[in-house]
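One-letter residues, chain by chain:
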Amino acid sequence: MGAISLRKVEKTYGQGAKAVKVIHGVDAEIADGEFIVIVGPSGCGKSTLLRMVAGLEEITGGEIAIGERVVNALEPAARDIAMVFQNYALYPHMSVFDNMAYGLKIAKVSKAEIEQRVQKAAQILELGGLLERRPRELSGGQRQRVAMGRAIVRQPQVFLFDEPLSNLDAKLRAQTRLEIRKLHQELGVTSLFVTHDQVEAMTLAQRMIVMNGGRIEQIGSPEEVYQAPATTFVARFIRSPPMNLLLGQAEGARFTLGGQALPLPRAAPRNGPLLLGVRPEHAQMQCDGAGQAPLWPMQVEMVEMLGAERLVYGRLGGAAFTLRIEGTLTPPRPGEALMLQVQGQRLHWFDAQSGQRVR
């Protein structure tokens, strides 16, 4: 069983007055066969957490269990995990076959078993015609597939991916994401995947762990994290462009922002200072003033053309606001005044001090 339990896991570098705590009591339960993506900005502790699961970093406090074993004191080789790194870590003088087989040879697996496992992994990853090549003869995407093949032949309880797509161009990243999804569907092995790329997180994850400053901000499916972000950090980090967050004063079905009162389609969850969140794709232009929902005036400053869509930047009650519209619509011009319409179920409310979700 490849379930993973993280119980009050902590990591501190240094001692005494120079001690720096980078992981603050992380708790998470990962089911056997689940694909979890740990996502967050650079320096949030996601790779450190992954390396602690792998045994490459000692934990300062708490417990890590893989299956039914607490692995705090176990060496990486004894944890029954396989790791795929960002930089491939292939032996340049070995063939693809030998790179994939090396760990099995060290473990004294029989030649027949090695041949069978490598050939099966090569078939899954479409590497059959490349087994005699050296890494220098491969593209970046092919090298990453070899690195994944080396992990597959181990037949571990857990796969650990440390930003494995960072060195690939956009097209190869999309292709490799698809291969990783197919791989998980076929093998069903528990997987932890670390990335700072929200697109990778949203497309790969069954559940996401969103980290910030060594703490977990939210755990949930991509749909849950997108539709109901638990904090303002999650709201702004997940999805690009980020959610608009407007600081103002709520009073019933009115929200005052920069001296301008905006009518609300439904009453705010409470009165007082609140942050109102609206995703750029959840507001619509109503240039003719038609529609049943209340209208908000927006002053257009700039428009970006992105092919199938456009981003409209402007001001709403003195605050910056971004609107996403379809590329087929006639774009507004800088200086033009728009009327925006937002449905009540598309509004997000956060506490102005803590940033925690109110509704």
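Note that the structure is predicted; figures quoted are calculated from it, not measured.

*Asks:* Just checking my understanding: could you explain the overall build of the protein for this structure?
*Replies:* Scanning the protein from N- to C-terminus turns up 8 helices and 20 strands. Buried positions account for 48% of the 359 residues belonging to the protein. For the protein, the share of sequence-separated contacts (at least 6 apart) that also reach a separation of at least 24 residues comes to 65%. Total accessible area computed for the protein in this model is approximately 17,000 Å², and 48% of it derives from carbon and sulfur atoms. Averaged over its 41 positive side-chain charges, the protein has a centre that lies 2 Å from the centre of its 36 negative ones.

*Asks:* How should the nonpolar core be read in this particular structure?
*Replies:* As a rule of thumb, soluble globular proteins bury nonpolar side chains together. In terms of nonpolar packing, the biggest core is built from 44 residues, with Val37, Val39, Met100, Val118, Phe193 and Met208 touching the most fellow members. Excluding residues within four positions of it along the chain, Val39 makes contact with Lys46, Thr195, His196, Asp197, Ala201, Met208, Ile209, Val210, Met211, Phe237 and Ile238.

*Asks:* Please clarify how the side chain of Thr195 should be interpreted in this entry.
*Replies:* With respect to the secondary-structure elements, Thr195 resides in strand E8 (residues 190-195). In this view, Thr195 contacts Val37, Ile38, Val39, Gly40, Lys46, Glu163, Glu200 and Ala201; residues no more than four positions away in its chain are not counted.

*Asks:* It is not clear to me how the pairing of strand E11 (residues 244-251) should be interpreted in this structure. Could you clarify?
*Replies:* Regular strands show a simple pattern: their side chains alternate between the two faces of the sheet. In this sheet, strand E14 (residues 272-278) lies alongside E11 in antiparallel orientation, the contact comprising 7 bridges. Note that in E14 the partner of Gly248 across the bridge is Leu274. Taken together, the 3 bridges between E11 and strand E12 (residues 254-257) define a ladder with antiparallel strand orientation. Residue pairing in the sheet places Glu251 in a bridge with Arg254 of E12. If you look at the hairpin formed by E11 and E12, you'll find 2 residues sitting between the two strands, and Gly252 has a positive phi there, around 60 degrees.

*Asks:* Would you mind showing me how to read the pairing of strand E19 (residues 337-342) here?
*Replies:* Two strands pair when backbone bridges link them, and strand E15 (residues 283-285) and E19 are joined in this way by 3 bridges, in the antiparallel orientation. Across the sheet, Met285 pairs through a bridge with Leu340, a residue of E19.

*Asks:* Hey, could you run me through the sheet that holds strand E6 (residues 81-84) in this one?
*Replies:* Strands belonging to one sheet form pairs held by backbone hydrogen bonds; the direction of such a pair is parallel or antiparallel. As summarised here, the arrangement of the 6 strands in space is E6-E7-E8-E3-E9-E10, forming an open sheet in which the pairing is mixed. The strands lining the two open edges of the sheet, one partner per strand, are E6 and strand E10 (215-220). Between one strand axis and the next, the sheet turns through 15 degrees on average, direction left out of account. The pairing of strand E9 (residues 207-212) with E10 spans 5 bridges and is antiparallel. Note that in E10 the partner of Met208 across the bridge is Gly220. Sheet strands in contact with helix H4 (residues 140-152) are E6 and strand E7 (158-162), and its direction is about 175 degrees off that of E6.

*Asks:* Would you explain the packing of H4 against helix H5 (residues 170-187) in this entry?
*Replies:* For any two helices packed against each other, one specifies the inter-axial angle together with the distance between the axes. At a minimum axis distance of 11 Å, the contact between H4 and H5 shows a crossing angle of 20 degrees. By the angle class used here, H4 and H5 are roughly parallel. As for the relative orientation of H4 and H5, their crossing is right-handed in sense. Each of Gly141, Arg145, Met148 and Ile152 in H4 lies in contact with H5, whose residues at this interface are Leu172, Thr176, Glu179, Ile180, Leu183 and Leu187.

*Asks:* Help me out: how do you make sense of the environment of Glu281 in this one?
*Replies:* Secondary-structure assignment places Glu281 in the loop between E14 and E15. Judged by its relative accessible area of 18%, Glu281 is buried. Residues contacting Glu281, with those up to four places away along its chain left out, are Tyr226, Arg239 and Arg324. Only 2.6 Å separates the side chain of Glu281 from the side chain of Tyr226, close enough to count as a polar contact.

*Asks:* Where do I start with a nonpolar patch on the surface in this structure?
*Replies:* Together, Tyr91, Tyr102 and Ile106 make up a nonpolar patch on the protein surface, roughly 290 Å² of accessible area in all. For Tyr102, the location among the structural elements is in helix H2 (residues 96-106).

*Asks:* Any chance you could explain the domain arrangement of the protein here in plain terms?
*Replies:* Here the protein is partitioned into domain 1 (4-230) and domain 2 (241-351). Summarising the inter-unit geometry, the C-alpha centres of domain 1 and domain 2 are found 40 Å apart. Between domain 1 and domain 2, a total of about 370 Å² is buried, with carbon and sulfur atoms accounting for 52% of that surface. Among the residues domain 1 hides against domain 2, the three largest losses belong to Tyr226, Gln227 and Pro229. Together they make up 91% of the total. Summed over the shared surface of domain 1 and domain 2, the number is 0 salt bridges. Where domain 1 packs against domain 2, one counts 3 residue pairs in polar contact (both at pLDDT 80 or more). When the residues that make up the side of domain 1 that touches domain 2 are grouped by side-chain class, the tally is 4 nonpolar, 1 polar and no charged.

*Asks:* Can you walk me through the packing of H2 against H4 in this structure?
*Replies:* Relative to each other, H2 and H4 sit at 30 degrees, their axes nearing to 8 Å. Viewed along their axes, H2 and H4 form a crossing whose handedness is right-handed. Along its contact with H2, which presents Val96, Asn99 and Met100, the element H4 presents Val146, Gly149 and Arg150. Here the contact of H2 with H4 is composed, by residue class, of 3 nonpolar, 2 polar and 1 charged.

*Asks:* Would you explain the sheet that holds strand E20 (residues 348-351) in this entry?
*Replies:* Reading across the sheet, the 5 strands line up as E13-E12-E11-E14-E20 and stay open at both edges, with antiparallel pairing between neighbours. Of all the strands in the sheet, just strand E13 (260-263) and E20 have a single pairing partner and so form its edges. This sheet shows a mean twist of 40 degrees between the axes of neighbouring strands, independent of strand direction.

Calculation criteria
Residues numbered from 1 in each chain as written. Predicted model: local features only at pLDDT ≥ 70, side-chain atom pairs only at ≥ 80, totals over all residues. Heavy atoms only, no water. Helix = DSSP H or I, 4+ residues; strand = E, 2+ residues; numbered from the N terminus. Buried < 20%, exposed > 50% of the residue type's maximum accessible area, 1.4 Å probe, protein only. Contact = heavy atoms within 4.5 Å. Areas by Shrake-Rupley, 256 points an atom, 1.4 Å probe, with all protein chains shown as cover. Lys, Arg positive; Asp, Glu negative; His and termini not counted. Charge placed at Lys NZ, Arg CZ, Asp CG, Glu CD. Core = buried A, V, L, I, M, F, W, Y, C linked by side-chain atoms within 4.5 Å. Pairing = 2+ DSSP bridges. Axes fitted to C-alpha atoms, helices over the stretch in contact; angles between N-to-C directions. Parallel < 35°, antiparallel > 145°, perpendicular 65-115°, else oblique. Left-handed = near helix turned anticlockwise from the far one by under 90°. Polar contact = N/O pair within 3.5 Å; in protein donor to acceptor, adjacent residues only side chain to side chain. Patch = residues over 30% accessible without salt bridge, like charges linked within 9 Å, V, L, I, M, F, W, Y side chains within 5 Å. Salt bridge = Lys/Arg side-chain N within 4 Å of Asp/Glu carboxyl O. Domains from an automatic or database assignment. Buried area = accessible area lost by both parts, 1.4 Å probe. Nonpolar A, V, L, I, M, F, W, Y, C, P; charged D, E, K, R; others polar.

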